[in-house]
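Now for the letters of each chain:
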Number of protein chains: 2
Amino acid sequence: MIPIPKTDYPRVIIIGGGFAGVKLVKKLKDLPVQIVLFDRNNYHTFQPLLYQVATAGLEPDSIADPLRKQLEPVRNFFFRMAEVYSIDGDNNRIITEIGELDYSYLVIATGSRTNYFGNESIMQHAFPLKQIPQALDLRSHILQNFEAATITEDLMEKKSRMNIVIVGGGPTGVEVAGALGELKKSILPKDYPELDFEKMSIILLEGSPRLLGGMSDVSSQRALKYLKKFHVEVYVNTLVEDYDGHSARLSNGERINTHTLIWAAGVKGNYPEGIIPESLERDRILVDEYSRVKGYDNVFAIGDIALMKNADHRNGHPMLAPVAIQQGNHLAKNFRRLIKGQELKPFTYLDKGSMATVGRNKAVVDLPGNASLGGFPAWMIWMFIHLISIIGFRNKLVVFLNWVWNYFTYDKGTRLIIRKFIPKRLKKKELEATA
Amino acid sequence: MIPIPKTDYPRVIIIGGGFAGVKLVKKLKDLPVQIVLFDRNNYHTFQPLLYQVATAGLEPDSIADPLRKQLEPVRNFFFRMAEVYSIDGDNNRIITEIGELDYSYLVIATGSRTNYFGNESIMQHAFPLKQIPQALDLRSHILQNFEAATITEDLMEKKSRMNIVIVGGGPTGVEVAGALGELKKSILPKDYPELDFEKMSIILLEGSPRLLGGMSDVSSQRALKYLKKFHVEVYVNTLVEDYDGHSARLSNGERINTHTLIWAAGVKGNYPEGIIPESLERDRILVDEYSRVKGYDNVFAIGDIALMKNADHRNGHPMLAPVAIQQGNHLAKNFRRLIKGQELKPFTYLDKGSMATVGRNKAVVDLPGNASLGGFPAWMIWMFIHLISIIGFRNKLVVFLNWVWNYFTYDKGTRLIIRKFIPKRLKKKELEATA
């Protein structure tokens, strides 16, 4: 058993410190329960801005916040940094990498992970963008390839090292493509005056007929127009079939040489083992309108992992931060009712609209009720909403200052290669052999 | 050969983008020479604040600056991210991990690295503090041990995971010990209310009879007094003889159980191979008063790596940033004279004093001519000097804001475990075996 002090309060175990889990813990603050939060990391990640870490716009520290620090004010709160392997519903127990622990109530808020749809070659060579270490790896990888491009005299290789392919035309794909377009336009040519940036292609691939499938047609068209301004080539109705780290084969038969393929084409639920198969559907956990997992009395699921079907959302809710936050909030209220012996209330999602940014002065916003905005006003709204959503005043301030700085200087400050991963360089031994 | 455009200008190769190398490149800005700078990293590290990265006070990005960005205004400038393996003085050529390159003039500014004085066990288990990845590793390691301390019921292990030993009472050792004292006092007890911080020891070991050997007796005494205020235990005249990752054996026979031993006890020159043995002394490169390497006409060395003996400095200059900066500056002026056919001028070091900080409101400063300051005034001077010395306005601003933030909130923002390294945890397989 993991050592946690015993109390007379019921113990609520929450797995996952994402948007849903953190909101729930905060709202349970004063309830007579013992809360134990598990996460693999000791920090919460503000995923909507992860792409700015990958494209050298923000420090990782500004979009991550230590969970212990954030949740210090919560009574009877314990944090354990550990991966949860499985759930033993019969014995009300979880099994983790640091041992086992019993619960009175369990909340699964484990979010989603990258979905490669079973394509092994892509899984091996593509760069996902779901976690901070992945964003840092991608940043280093892109910059290392530019360094490598300066020292090769093979023009094909030079171009391949500069090219970047992004797969998936959802918000992440569009945002990362736009940010890379800005890097290509304003920053990289100053850093690498030796390279010919006419030769660099940024290509965004989308399998469906249009970008931003979850948004309106107007916004989709606007995003396409903006991406073209940043010299991003967009291919719709196009899939990647194979990628070996150097060359991608597309569904239209075309081949693109690139050392960098960013995979933003899909996510899937990321749940521990042991959940009864009847409660799983399309890699998510089926829950009723109270977020209770089908087939369990005292197990709940919220956020991306939860598949809640109701009259308004026959296929479940979109896997978005606002849904996760609202579900965390709502479940906390239901816990309060549960403890008071009151009747639970069903969850209803309040859709406040959706948005994506492409780059400087360019964003798209869909408001509830068919209204949509583009250009500078949408960009200002996007920035405002993201700033107020980042947890912690210090992080808000650092992100705000970085954005102001970028805006006026056309510069991004964090072009550091911190994780060393140098492909295909001469090793010392090889050099000695050729000397 | 590494591809670099050919010019009629003489080619100056500079190895190392530290204080000396960067200053030299900037000052050579308008000279009719081609400049090629080599560094293993694509960024310059502001080493004096590295300890604040290790102790969660600053983001790594705020004390590192990309070399390409910084040196963009320099004419005829080329950067190559590569390790230089050796120097072939007979053929005026360097051999690097990306190939070879010929020079007209070579400047070695490769700085220093951690010196373990041949102690293998310490080299294997101790944490050095010379580079950004090392600082990040140390930050993660300390926090991971606190996480591990919460889940062990073995009281000896708990204490060992909380204890921290710092070896070396120079500026780095004193500064890191003070910063850890602040963490222990103001931050960690809030993050880990389950742990008893009375049990945590921070121990600073110094082999000589006093701290800050390069500074005045007054400053040394003051530093000792300040460290005691931050509950750091200081042992002088004490060496570490052996360390296995869990327990350190001291020269006085005592044993200290600790999972974290920080090694700040010494540095040595870090030069490429191929320099004639007569030009080496005590792991540094012997240079004349023009920074020219003994036995070579067109090879120079500046900064920590250079051992320049003169009437005022019979054993060479201290291995400090101000010496490196002044030597870079001076060598640039001599290059100007060289190209004009004028006579070179000898280097003279202008000692502007030395300083070290211990923590909030507590620092020591020695001014030239036996004056010294302590407490709040010294702390303000220390902060001011470090702020103006950080390269780049953006970095100055970020560091300043972090310090202001820390000062008023008693908080440090960057307590993230980003590199995962979890010692002695149950593996999934082992768990299954015991289940």
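Residues numbered from 1 in each chain as written. Chains lettered and ligands numbered in written order. Predicted model: local features only at pLDDT ≥ 70, side-chain atom pairs only at ≥ 80, totals over all residues.

Concerning the relation of the copies chain B and chain A
Thinking step 1. For these two chains of identical sequence, chain B goes onto chain A by a turn of 180° and a shift of 0.0 Å along the axis, with RMSD 0.0 Å. Look at the turn and shift together and you get a two-fold axis relating the two.
Thinking step 2. Both copies share a contact surface, since 100% of the interface residues of chain B are interface residues in chain A too. (Least-squares fit on C-alpha atoms with pLDDT ≥ 70 in both. Contact = placed C-beta atoms within 7 Å.)

Digging into the confidence of the model for chain A
Thinking step 1. Confidence along chain A averages 92 in pLDDT terms, with 96% of residues attaining 70 or more.
Thinking step 2. Here residues 420–435 of chain A is modelled with pLDDT under 50, and outside its nearest four sequence neighbours on either side it reaches 14 contacts, counting other chains as well. (pLDDT = per-residue confidence, 0-100.)

Structural notes on the interface of chain B and chain A
Thinking step 1. Every contact between the two is made by 42 residues of chain B and, on the other side, 42 residues of chain A.
Thinking step 2. At the level of secondary structure, the elements contributing two or more residues to the side of chain B that touches chain A comprise β4 (64–66), α3 (67–70), β5 (77–81), α5 (132–151), α7 (171–191), α11 (393–409) and α12 (428–434) of chain B.
Thinking step 3. Per element, the largest residue contribution to the side of chain B that touches chain A is 5 residues, and it comes from α5(B).
Thinking step 4. Its residues placed into classes, the side of chain B that touches chain A shows 22 nonpolar, 5 polar and 15 charged. (Helix = DSSP H or I, 4+ residues; strand = E, 2+ residues; numbered from the N terminus. Nonpolar A, V, L, I, M, F, W, Y, C, P; charged D, E, K, R; others polar.)

Quick look at the sheet that holds strand β16 (residues 255–257) of chain A
Residues and elements named next belong to chain A.
Thinking step 1. Taken in spatial order, the 3 strands make up an open sheet running β14-β15-β16, and their pairing is antiparallel. Either end of the sheet is taken by a strand with one partner, and the two such strands are β14 (240–243) and β16. For this sheet, the mean inter-axis angle between neighbouring strands, taken without regard to orientation, is 20°.
Thinking step 2. By the bridge criterion, 3 bridges tie β14 to strand β15 (residues 247–250) in an arrangement that is antiparallel. (Pairing = 2+ DSSP bridges. Axes fitted to C-alpha atoms, helices over the stretch in contact; angles between N-to-C directions.)

Topic: the pairing of strand β1 (residues 11–15) of chain A
All names here are of chain A.
Thinking step 1. Of all the 5 residues making up β1, 5 are buried; the element is thus mostly covered by neighbouring parts of the structure.
Thinking step 2. Side chains R11, I13 and I15 project from β1 onto one buried face, and the interleaved V12 and I14 project onto a second face that is buried too.
Thinking step 3. Examined bridge by bridge, β1 and strand β2 (residues 34–39) share 5 bridges and lie parallel to one another. Paired with V12 across the two strands is I35, which belongs to β2.
Thinking step 4. For the crossover from β1 across helix α1 (residues 19–27) to β2, the handedness is right-handed. (Buried ≥ 20, exposed ≤ 12 C-beta atoms within 10 Å, placed from the backbone. Right-handed = clockwise from strand over helix to strand, strands pointing away.)

Regarding helix α11 (residues 393–409) of chain A
Residues and elements named next belong to chain A.
Thinking step 1. When the terminal C-alpha atoms of α11 are compared, their 24 Å separation across 17 residues agrees well with the 24 Å that a helix rising 1.5 Å per residue should span.
Thinking step 2. Along α11, the residues that are buried comprise R394, N395, V398, V399, N402 and N406. The buried residues of α11 all sit within an arc of 130° when viewed along its axis, so they share a single face. The outward face of α11, more than 90 degrees from its buried face, is lined by the exposed residues F393, V404, Y407 and F408. (Expected span 1.5 Å × (residues − 1). Arc of directions from axis to C-beta.)

Considerations on the nonpolar core
Thinking step 1. In terms of nonpolar packing, the biggest core is built from 258 residues, with A:L227, A:I262, A:I285, B:L227, B:I262 and B:I285 touching the most fellow members.
Thinking step 2. Excluding its chain neighbours within four sequence positions, the residues that come into contact with A:I285 are A:I108, A:G269, A:Y271, A:I275, A:S279, A:L280, A:V293, A:A301, A:I305, A:A306 and A:L307. (Core = buried A, V, L, I, M, F, W, Y, C linked by C-beta atoms within 7 Å.)

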